[in-house]
Amino acid sequence: MTAATATDSRQIALPDAAATLALGRRLGDRLGPGDVVCLTGNLGAGKTTLARGAIEAWTGHEEEAPSPTYTLVQTYEGAKGDLWHVDLYRLKQPEDAWELGLEDAFAEAACLIEWPERLAGHLPRNRLDIALTPQGEGRSAALVAHGAWRTKLGSI
Ligand SMILES: Nc1ncnc2c1ncn2[C@@H]1O[C@H](COP(=O)(O)OP(=O)(O)O)[C@@H](O)[C@H]1O
Ligand SMILES: [Mg+2]
């Protein structure tokens, strides 16, 4: 018998931006306090678009959801509590993230994190990684679930 794998994965085709938003909404519907989602991909990959869909689902209404490239964090209130949209592109060193209160947010809020690479591995064990890559005119999303996220992956 082989040991259970620690991760589980899924690939989802996103032919246009509407598909990215829709994936974000499905994700947002399933998020709860303490859920951490890492969004990776180059500039223009669609990370903020996906986050925008999740934020809409979380708050229950359309949101402008500006990219937090300069503010690093934007928080949103929903029926389930706070959602943090974080963009660490401009983070100089991983330690600076703790000044933002990110550690507490990991435990208490739902977190969507763009450029999680900036944390150099200081990420919660239970998390969902979504990597966006170009595919023709659209994108492809590779979802990798770690820990407790594995049981939720199929429902997204
Ligand atoms: N699946 C997709 N197919 C084509 N274009 C997309 C797709 N998803 C998002 N986009 C577009 O890509 C552009 C960059 O998206 P954005 O979410 O700002 O990227 P990032 O945050 O990764 O830099 C936007 O114009 C957006 O509408
Ligand atoms: Mg962005």
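Since the structure is predicted, the reported quantities are computational estimates derived from the model, not experimental observations.

Novice: Would you explain the sheet that holds strand E7 (residues 138-146) in this entry?
Specialist: Backbone hydrogen bonds hold the strands of a sheet together, and the pairing may be parallel or antiparallel. Strand order in the open sheet formed by 7 strands is E1-E7-E6-E2-E5-E4-E3, with mixed pairing between adjacent strands. Among the strands making up the open sheet, the edge pair consists of strand E1 (7-14) and strand E3 (73-78). In this sheet, adjacent strand axes meet at a mean angle of 15° when their direction is disregarded. Where helix H2 (residues 47-59) meets the sheet, its contacts fall on strand E2 (36-40), E3, strand E4 (81-87), strand E5 (110-114) and strand E6 (127-135), and the angle it forms with E4 comes to roughly 170°.

Novice: Could you clarify how one ought to interpret H2 in this entry?
Specialist: Quick reminder: α-helices carry 3.6 residues per turn. Residues three or four places apart thus point the same way. In a regular helix each residue adds 1.5 Å, so 13 residues correspond to 18 Å; H2 covers 18 Å between its end C-alpha atoms and thus fits that length. All buried positions along H2 are accounted for by Lys47, Thr48, Leu50, Ala51, Gly53, Ala54, Ile55, Glu56, Trp58 and Thr59. Tucked inside the fold, the buried residues of H2 contact helix H1 (17-30), E2, E3, E4, E5 and E6. Following H2 by one or two positions, Gly60 has its phi on the positive side, about 85°.

What counts and how
Residues numbered from 1 in each chain as written. Chains lettered and ligands numbered in written order. Predicted model: local features only at pLDDT ≥ 70, side-chain atom pairs only at ≥ 80, totals over all residues. Heavy atoms only, no water. Pairing = 2+ DSSP bridges. Helix = DSSP H or I, 4+ residues; strand = E, 2+ residues; numbered from the N terminus. Axes fitted to C-alpha atoms, helices over the stretch in contact; angles between N-to-C directions. Contact = heavy atoms within 4.5 Å. Expected span 1.5 Å × (residues − 1). Buried < 20%, exposed > 50% of the residue type's maximum accessible area, 1.4 Å probe, protein only.

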